[in-house]
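Residues per chain, in single letters:
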Amino acid sequence: MYSNSLTEMGDLEIGEIMDILALAAEFKANIRSHRGVASGLLMASLFLEPSTRTRGSFEAAMKRLGGDTITTTDFKTSSMEKGETFDDSIRIWGNYCDLIVLRHEESGAPRAAANISSVPIINAGDGINEHPTQALCDLLTLKEEFGILEGLNIAICGDLRNGRTVHSLAYGLLLLGNSVTFVPGTGLDLTEGTKKYLREHFGSVITELPPSQVGYGDLYEGDCEAKAYMFHKPRSGLEFDHKEKIIYTEVRPDALYFTRCQAERGSSANQAGYPKVNLNNLETEFFSRAIVMHPLPRLDEVSVLLDDHPRSRYFKQAANGVPIRMALICLMLGLKPWSSAATL
Ligand code: CP
(Lines give C-alpha, C1' and ligand atoms only; values in the text may rest on other atoms or scores of the structure.)
Protein backbone atom coordinates (compact mmCIF):
# COMPACT_ATOMS: atom_id res chain seq x y z
CA MET A 1 0.00 0.00 0.00
CA TYR A 2 1.03 3.62 -0.49
CA SER A 3 2.07 5.10 2.84
CA ASN A 4 -0.43 2.76 4.54
CA SER A 5 -3.17 4.44 2.47
CA LEU A 6 -5.33 3.36 -0.46
CA THR A 7 -5.14 6.16 -3.01
CA GLU A 8 -5.56 4.17 -6.26
CA MET A 9 -5.86 0.54 -7.39
CA GLY A 10 -2.16 0.48 -8.20
CA ASP A 11 -1.47 0.69 -4.45
CA LEU A 12 -2.81 -2.86 -4.08
CA GLU A 13 -1.08 -6.09 -4.95
CA ILE A 14 -3.03 -9.16 -6.00
CA GLY A 15 -2.64 -10.78 -2.57
CA GLU A 16 -3.99 -7.68 -0.86
CA ILE A 17 -7.04 -7.57 -3.16
CA MET A 18 -7.70 -11.23 -2.37
CA ASP A 19 -7.38 -10.59 1.37
CA ILE A 20 -9.92 -7.76 1.16
CA LEU A 21 -12.39 -9.87 -0.82
CA ALA A 22 -12.00 -12.88 1.48
CA LEU A 23 -12.53 -10.83 4.64
CA ALA A 24 -15.49 -9.03 3.04
CA ALA A 25 -17.08 -12.40 2.30
CA GLU A 26 -16.61 -13.37 5.97
CA PHE A 27 -18.23 -10.15 7.16
CA LYS A 28 -21.04 -10.46 4.64
CA ALA A 29 -21.94 -13.93 5.90
CA ASN A 30 -22.81 -12.43 9.28
CA ILE A 31 -22.80 -8.68 9.01
CA ARG A 32 -24.36 -7.92 12.38
CA SER A 33 -21.90 -9.88 14.49
CA HIS A 34 -18.77 -7.74 14.47
CA ARG A 35 -19.51 -4.88 16.86
CA GLY A 36 -16.52 -4.39 19.09
CA VAL A 37 -13.92 -5.04 16.40
CA ALA A 38 -13.35 -1.28 15.94
CA SER A 39 -14.63 -0.17 19.32
CA GLY A 40 -13.12 3.15 20.39
CA LEU A 41 -11.91 4.06 16.90
CA LEU A 42 -13.03 7.01 14.80
CA MET A 43 -13.24 7.42 11.04
CA ALA A 44 -13.50 10.87 9.43
CA SER A 45 -15.59 10.83 6.27
CA LEU A 46 -14.72 13.94 4.27
CA PHE A 47 -16.99 14.06 1.24
CA LEU A 48 -16.31 17.23 -0.65
CA GLU A 49 -18.46 16.00 -3.56
CA PRO A 50 -21.95 14.43 -3.40
CA SER A 51 -22.33 10.75 -2.54
CA THR A 52 -25.03 8.31 -1.48
CA ARG A 53 -23.44 4.84 -1.65
CA THR A 54 -19.82 5.46 -0.78
CA ARG A 55 -20.38 7.69 2.22
CA GLY A 56 -23.38 5.71 3.45
CA SER A 57 -21.63 2.37 3.21
CA PHE A 58 -18.35 3.59 4.75
CA GLU A 59 -20.21 5.05 7.72
CA ALA A 60 -22.41 1.96 8.04
CA ALA A 61 -19.29 -0.23 7.87
CA MET A 62 -17.52 1.67 10.67
CA LYS A 63 -20.63 1.57 12.85
CA ARG A 64 -21.24 -2.13 12.15
CA LEU A 65 -17.70 -2.67 13.48
CA GLY A 66 -18.51 -0.73 16.65
CA GLY A 67 -16.47 2.35 15.71
CA ASP A 68 -17.81 5.83 15.14
CA THR A 69 -17.60 8.51 12.49
CA ILE A 70 -17.13 12.25 12.21
CA THR A 71 -17.97 13.89 8.93
CA THR A 72 -18.00 16.90 6.68
CA THR A 73 -19.83 16.94 3.38
CA ASP A 74 -19.26 20.38 2.00
CA PHE A 75 -16.43 22.89 1.59
CA LYS A 76 -18.88 25.56 2.73
CA THR A 77 -19.29 24.03 6.16
CA SER A 78 -15.57 23.68 6.81
CA SER A 79 -12.86 26.29 7.37
CA MET A 80 -11.61 25.67 3.81
CA GLU A 81 -14.42 28.12 2.97
CA LYS A 82 -12.49 30.71 5.05
CA GLY A 83 -9.27 30.02 3.16
CA GLU A 84 -7.70 27.19 5.15
CA THR A 85 -5.51 25.09 2.88
CA PHE A 86 -6.28 21.48 2.01
CA ASP A 87 -2.98 20.39 3.59
CA ASP A 88 -3.76 22.11 6.89
CA SER A 89 -7.27 20.63 6.89
CA ILE A 90 -5.92 17.11 6.45
CA ARG A 91 -3.38 17.64 9.24
CA ILE A 92 -6.12 18.84 11.58
CA TRP A 93 -8.57 16.05 10.77
CA GLY A 94 -5.77 13.56 11.31
CA ASN A 95 -5.59 14.73 14.94
CA TYR A 96 -9.21 13.84 15.49
CA CYS A 97 -9.52 10.36 14.03
CA ASP A 98 -7.79 7.08 13.17
CA LEU A 99 -8.64 6.96 9.46
CA ILE A 100 -9.72 9.50 6.82
CA VAL A 101 -12.03 8.60 3.92
CA LEU A 102 -11.77 11.35 1.33
CA ARG A 103 -13.84 12.20 -1.74
CA HIS A 104 -12.53 15.21 -3.65
CA GLU A 105 -13.18 16.85 -7.01
CA GLU A 106 -9.47 17.03 -7.85
CA SER A 107 -7.63 14.03 -9.26
CA GLY A 108 -4.71 13.18 -7.01
CA ALA A 109 -6.09 14.82 -3.84
CA PRO A 110 -6.05 11.54 -1.82
CA ARG A 111 -2.43 10.89 -2.85
CA ALA A 112 -1.50 14.44 -1.77
CA ALA A 113 -3.35 13.87 1.51
CA ALA A 114 -1.54 10.56 2.09
CA ASN A 115 1.79 12.37 1.79
CA ILE A 116 1.06 14.59 4.79
CA SER A 117 -1.51 12.73 6.87
CA SER A 118 -0.72 11.20 10.25
CA VAL A 119 -3.47 8.59 9.70
CA PRO A 120 -4.28 6.34 6.70
CA ILE A 121 -6.23 7.87 3.80
CA ILE A 122 -8.78 5.99 1.69
CA ASN A 123 -9.71 7.44 -1.70
CA ALA A 124 -13.51 7.55 -1.98
CA GLY A 125 -13.34 8.99 -5.50
CA ASP A 126 -11.06 11.74 -6.84
CA GLY A 127 -12.21 13.75 -9.83
CA ILE A 128 -11.99 11.77 -13.05
CA ASN A 129 -9.10 9.70 -11.76
CA GLU A 130 -10.05 6.68 -9.63
CA HIS A 131 -12.54 5.12 -7.24
CA PRO A 132 -10.68 2.06 -5.92
CA THR A 133 -13.15 1.00 -3.24
CA GLN A 134 -15.93 0.89 -5.86
CA ALA A 135 -13.71 -1.40 -7.93
CA LEU A 136 -13.38 -3.69 -4.89
CA CYS A 137 -17.20 -3.83 -4.61
CA ASP A 138 -17.32 -4.67 -8.33
CA LEU A 139 -14.68 -7.40 -7.97
CA LEU A 140 -16.50 -8.96 -5.01
CA THR A 141 -19.71 -9.02 -7.07
CA LEU A 142 -17.88 -10.71 -9.96
CA LYS A 143 -16.21 -13.22 -7.65
CA GLU A 144 -19.55 -14.14 -6.10
CA GLU A 145 -20.97 -14.60 -9.57
CA PHE A 146 -18.22 -16.55 -11.30
CA GLY A 147 -16.21 -18.03 -8.41
CA ILE A 148 -12.97 -16.92 -10.04
CA LEU A 149 -11.52 -13.56 -11.00
CA GLU A 150 -9.42 -14.41 -14.00
CA GLY A 151 -10.09 -15.21 -17.60
CA LEU A 152 -13.35 -13.23 -17.64
CA ASN A 153 -14.28 -10.68 -20.30
CA ILE A 154 -15.95 -7.62 -18.80
CA ALA A 155 -17.40 -4.99 -21.15
CA ILE A 156 -17.20 -1.49 -19.65
CA CYS A 157 -19.63 0.85 -21.41
CA GLY A 158 -20.34 4.56 -21.42
CA ASP A 159 -18.28 7.49 -20.20
CA LEU A 160 -14.82 5.96 -20.19
CA ARG A 161 -13.04 9.29 -20.29
CA ASN A 162 -14.44 10.85 -17.13
CA GLY A 163 -15.83 7.85 -15.24
CA ARG A 164 -13.43 7.20 -12.38
CA THR A 165 -14.92 3.80 -11.55
CA VAL A 166 -13.97 2.72 -15.08
CA HIS A 167 -10.29 3.39 -14.51
CA SER A 168 -10.07 1.57 -11.17
CA LEU A 169 -12.06 -1.44 -12.35
CA ALA A 170 -10.10 -1.79 -15.61
CA TYR A 171 -6.86 -1.69 -13.65
CA GLY A 172 -8.05 -4.33 -11.18
CA LEU A 173 -9.41 -6.63 -13.87
CA LEU A 174 -6.27 -6.50 -15.99
CA LEU A 175 -4.05 -6.98 -12.93
CA LEU A 176 -5.96 -10.18 -12.13
CA GLY A 177 -5.67 -11.55 -15.68
CA ASN A 178 -9.04 -10.73 -17.22
CA SER A 179 -9.93 -9.15 -20.55
CA VAL A 180 -11.68 -5.82 -20.67
CA THR A 181 -13.81 -4.71 -23.61
CA PHE A 182 -14.34 -0.97 -23.79
CA VAL A 183 -17.60 0.27 -25.32
CA PRO A 184 -17.37 4.07 -25.29
CA GLY A 185 -19.97 6.77 -25.78
CA THR A 186 -19.16 8.96 -28.75
CA GLY A 187 -16.44 11.37 -27.71
CA LEU A 188 -16.14 9.69 -24.30
CA ASP A 189 -13.45 7.11 -24.98
CA LEU A 190 -10.46 6.44 -22.73
CA THR A 191 -7.71 8.98 -23.28
CA GLU A 192 -4.76 7.84 -25.38
CA GLY A 193 -2.64 8.24 -22.24
CA THR A 194 -4.83 5.81 -20.30
CA LYS A 195 -4.79 3.29 -23.16
CA LYS A 196 -1.01 3.52 -23.43
CA TYR A 197 -0.66 3.06 -19.68
CA LEU A 198 -2.93 0.00 -19.60
CA ARG A 199 -1.23 -1.53 -22.64
CA GLU A 200 2.29 -1.03 -21.35
CA HIS A 201 1.60 -1.76 -17.68
CA PHE A 202 -0.24 -5.03 -18.30
CA GLY A 203 1.34 -6.11 -21.58
CA SER A 204 -2.13 -6.24 -23.13
CA VAL A 205 -2.90 -6.10 -26.82
CA ILE A 206 -5.91 -4.28 -28.26
CA THR A 207 -8.30 -5.93 -30.67
CA GLU A 208 -10.88 -3.75 -32.38
CA LEU A 209 -14.38 -5.25 -32.55
CA PRO A 210 -16.27 -3.95 -35.59
CA PRO A 211 -19.95 -3.48 -34.58
CA SER A 212 -21.10 -5.33 -37.70
CA GLN A 213 -19.41 -8.50 -36.50
CA VAL A 214 -20.25 -8.53 -32.81
CA GLY A 215 -23.23 -7.51 -30.69
CA TYR A 216 -21.82 -4.39 -29.09
CA GLY A 217 -23.23 -2.26 -31.91
CA ASP A 218 -26.74 -3.20 -30.70
CA LEU A 219 -26.17 -1.20 -27.51
CA TYR A 220 -26.33 2.04 -29.51
CA GLU A 221 -29.60 3.48 -30.78
CA GLY A 222 -28.11 4.79 -33.99
CA ASP A 223 -25.01 4.51 -36.10
CA CYS A 224 -22.14 5.93 -34.15
CA GLU A 225 -18.49 6.56 -34.60
CA ALA A 226 -17.53 4.88 -31.32
CA LYS A 227 -16.04 1.40 -31.70
CA ALA A 228 -15.72 -1.32 -29.12
CA TYR A 229 -12.25 -2.72 -28.52
CA MET A 230 -10.84 -5.37 -26.25
CA PHE A 231 -7.73 -5.31 -24.06
CA HIS A 232 -6.49 -8.84 -23.53
CA LYS A 233 -3.37 -10.85 -22.95
CA PRO A 234 -1.68 -11.89 -26.18
CA ARG A 235 -2.92 -15.37 -27.01
CA SER A 236 -3.60 -17.27 -30.16
CA GLY A 237 -6.99 -16.88 -31.75
CA LEU A 238 -7.61 -13.26 -30.84
CA GLU A 239 -4.94 -11.56 -32.92
CA PHE A 240 -6.92 -10.95 -36.05
CA ASP A 241 -7.40 -8.01 -38.32
CA HIS A 242 -10.68 -6.71 -39.67
CA LYS A 243 -10.63 -9.03 -42.67
CA GLU A 244 -10.63 -12.16 -40.55
CA LYS A 245 -13.64 -13.57 -38.77
CA ILE A 246 -13.80 -12.70 -35.12
CA ILE A 247 -13.93 -15.61 -32.73
CA TYR A 248 -17.41 -14.94 -31.51
CA THR A 249 -17.37 -16.85 -28.25
CA GLU A 250 -14.14 -15.18 -27.12
CA VAL A 251 -15.52 -11.66 -27.40
CA ARG A 252 -18.90 -12.26 -25.77
CA PRO A 253 -18.96 -10.55 -22.36
CA ASP A 254 -19.41 -12.22 -18.99
CA ALA A 255 -20.59 -8.88 -17.64
CA LEU A 256 -21.85 -5.61 -19.10
CA TYR A 257 -20.73 -2.78 -16.80
CA PHE A 258 -22.51 0.49 -17.59
CA THR A 259 -21.60 3.97 -16.42
CA ARG A 260 -23.50 7.25 -16.61
CA CYS A 261 -22.44 10.28 -18.56
CA GLN A 262 -20.50 12.51 -16.13
CA ALA A 263 -22.16 15.82 -16.97
CA GLU A 264 -20.70 17.50 -13.90
CA ARG A 265 -17.21 16.90 -15.37
CA GLY A 266 -18.03 18.32 -18.79
CA SER A 267 -19.15 15.11 -20.54
CA SER A 268 -22.12 15.38 -22.82
CA ALA A 269 -23.94 12.42 -24.31
CA ASN A 270 -25.11 12.22 -27.88
CA GLN A 271 -28.16 10.04 -27.18
CA ALA A 272 -27.68 7.96 -30.34
CA GLY A 273 -24.02 7.50 -29.55
CA TYR A 274 -24.27 6.45 -25.90
CA PRO A 275 -24.47 2.72 -25.10
CA LYS A 276 -27.54 1.58 -23.18
CA VAL A 277 -29.00 -1.80 -22.28
CA ASN A 278 -32.58 -2.99 -22.35
CA LEU A 279 -34.45 -6.29 -22.17
CA ASN A 280 -34.11 -6.94 -25.91
CA ASN A 281 -30.32 -6.73 -25.69
CA LEU A 282 -30.20 -9.33 -22.91
CA GLU A 283 -32.30 -11.70 -24.96
CA THR A 284 -29.80 -11.80 -27.84
CA GLU A 285 -27.43 -14.75 -28.01
CA PHE A 286 -24.40 -12.46 -27.85
CA PHE A 287 -25.39 -11.14 -24.40
CA SER A 288 -27.13 -14.29 -23.18
CA ARG A 289 -24.61 -15.03 -20.43
CA ALA A 290 -23.85 -11.43 -19.38
CA ILE A 291 -24.78 -10.06 -15.98
CA VAL A 292 -25.57 -6.34 -15.85
CA MET A 293 -23.55 -4.12 -13.55
CA HIS A 294 -23.46 -0.38 -12.80
CA PRO A 295 -21.70 1.49 -9.99
CA LEU A 296 -24.79 3.78 -9.75
CA PRO A 297 -26.21 6.35 -9.78
CA ARG A 298 -27.72 5.59 -13.19
CA LEU A 299 -29.49 7.86 -15.62
CA ASP A 300 -31.14 5.98 -18.49
CA GLU A 301 -28.27 3.72 -19.61
CA VAL A 302 -29.77 0.74 -17.74
CA SER A 303 -33.53 0.43 -18.20
CA VAL A 304 -35.53 0.25 -14.96
CA LEU A 305 -37.32 -2.67 -16.62
CA LEU A 306 -34.17 -4.69 -15.90
CA ASP A 307 -34.28 -4.13 -12.14
CA ASP A 308 -35.87 -7.50 -11.45
CA HIS A 309 -34.06 -9.31 -14.24
CA PRO A 310 -32.28 -12.48 -13.03
CA ARG A 311 -28.99 -11.18 -14.43
CA SER A 312 -29.11 -7.65 -12.95
CA ARG A 313 -26.46 -7.15 -10.28
CA TYR A 314 -26.21 -3.37 -9.73
CA PHE A 315 -28.12 -3.27 -6.44
CA LYS A 316 -26.02 -6.18 -5.17
CA GLN A 317 -22.87 -4.22 -6.09
CA ALA A 318 -24.10 -1.32 -3.94
CA ALA A 319 -24.96 -3.67 -1.06
CA ASN A 320 -21.47 -5.16 -1.23
CA GLY A 321 -20.17 -1.70 -0.28
CA VAL A 322 -20.67 -2.39 3.43
CA PRO A 323 -18.71 -5.68 3.79
CA ILE A 324 -15.97 -4.45 1.44
CA ARG A 325 -15.50 -1.29 3.47
CA MET A 326 -15.67 -3.20 6.77
CA ALA A 327 -12.84 -5.37 5.47
CA LEU A 328 -10.77 -2.40 4.33
CA ILE A 329 -11.19 -0.56 7.63
CA CYS A 330 -10.13 -3.66 9.59
CA LEU A 331 -7.10 -4.46 7.45
CA MET A 332 -5.88 -0.89 7.18
CA LEU A 333 -6.22 -0.25 10.92
CA GLY A 334 -4.52 -3.53 11.81
CA LEU A 335 -7.68 -4.95 13.41
CA LYS A 336 -7.39 -8.03 11.20
CA PRO A 337 -4.14 -9.45 9.80
CA TRP A 338 -3.20 -9.35 6.15
CA SER A 339 -2.42 -12.88 5.09
CA SER A 340 -0.52 -12.09 1.91
CA ALA A 341 3.25 -11.96 2.24
CA ALA A 342 3.39 -8.75 0.24
CA THR A 343 1.70 -6.62 2.85
CA LEU A 344 2.80 -4.21 5.54
N1 CP B 1 -20.88 4.44 -6.81
C2 CP B 1 -20.74 5.59 -6.15
O3 CP B 1 -19.62 6.10 -5.99
O4 CP B 1 -21.89 6.17 -5.71
P5 CP B 1 -21.98 7.49 -4.84
O6 CP B 1 -21.47 8.63 -5.71
O7 CP B 1 -23.42 7.64 -4.48
O8 CP B 1 -21.09 7.35 -3.65
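Residues numbered from 1 in each chain as written. Predicted model: local features only at pLDDT ≥ 70, side-chain atom pairs only at ≥ 80, totals over all residues. Heavy atoms only, no water.

A. Fine view of helix H7 (residues 192-202). Among all positions of H7, only Lys195, Leu198 and Phe202 are buried. Seen along its axis, H7 keeps its buried residues to an arc of 70°; they face one direction. Every exposed residue of H7 that faces more than 90 degrees away from the buried side is listed here: Glu192 and Glu200. Buried residues belonging to H7 abut helix H6 (164-175), strand S6 (179-184) and strand S8 (228-232). Phi turns positive one or two residues past the end of H7, at Gly203, with a value near 60°. (Buried < 20%, exposed > 50% of the residue type's maximum accessible area, 1.4 Å probe, protein only. Helix = DSSP H or I, 4+ residues; strand = E, 2+ residues; numbered from the N terminus. Arc of directions from axis to C-beta. Contact = heavy atoms within 4.5 Å.)

B. Expanded view of the sheet that holds strand S7 (residues 205-209). Here we have six strands laid out as an open sheet, ordered S7-S8-S6-S5-S9-S10, and mixed in their pairing. Looking at strand neighbours, the two that pair on one side only are S7 and strand S10 (291-293), the edges of this open sheet. Taken pair by pair, the neighbouring strands of this sheet meet at an average axis angle of 20°, ignoring direction. Summarising the sheet, strand S5 (residues 153-158) and S6 pair through six bridges and their orientation is parallel. Opposite Asn153, over in S6, you have Ser179 as the bridge partner. Across the sheet, helix H5 (residues 132-146) is in contact with S5, strand S9 (255-258) and S10; its angle to S10 comes to roughly 165°. Along the sheet, H7 makes contact with S6, S7 and S8, crossing S8 at roughly 30°. (Pairing = 2+ DSSP bridges. Axes fitted to C-alpha atoms, helices over the stretch in contact; angles between N-to-C directions.)

So yeah, pure geometry; function would need other evidence.
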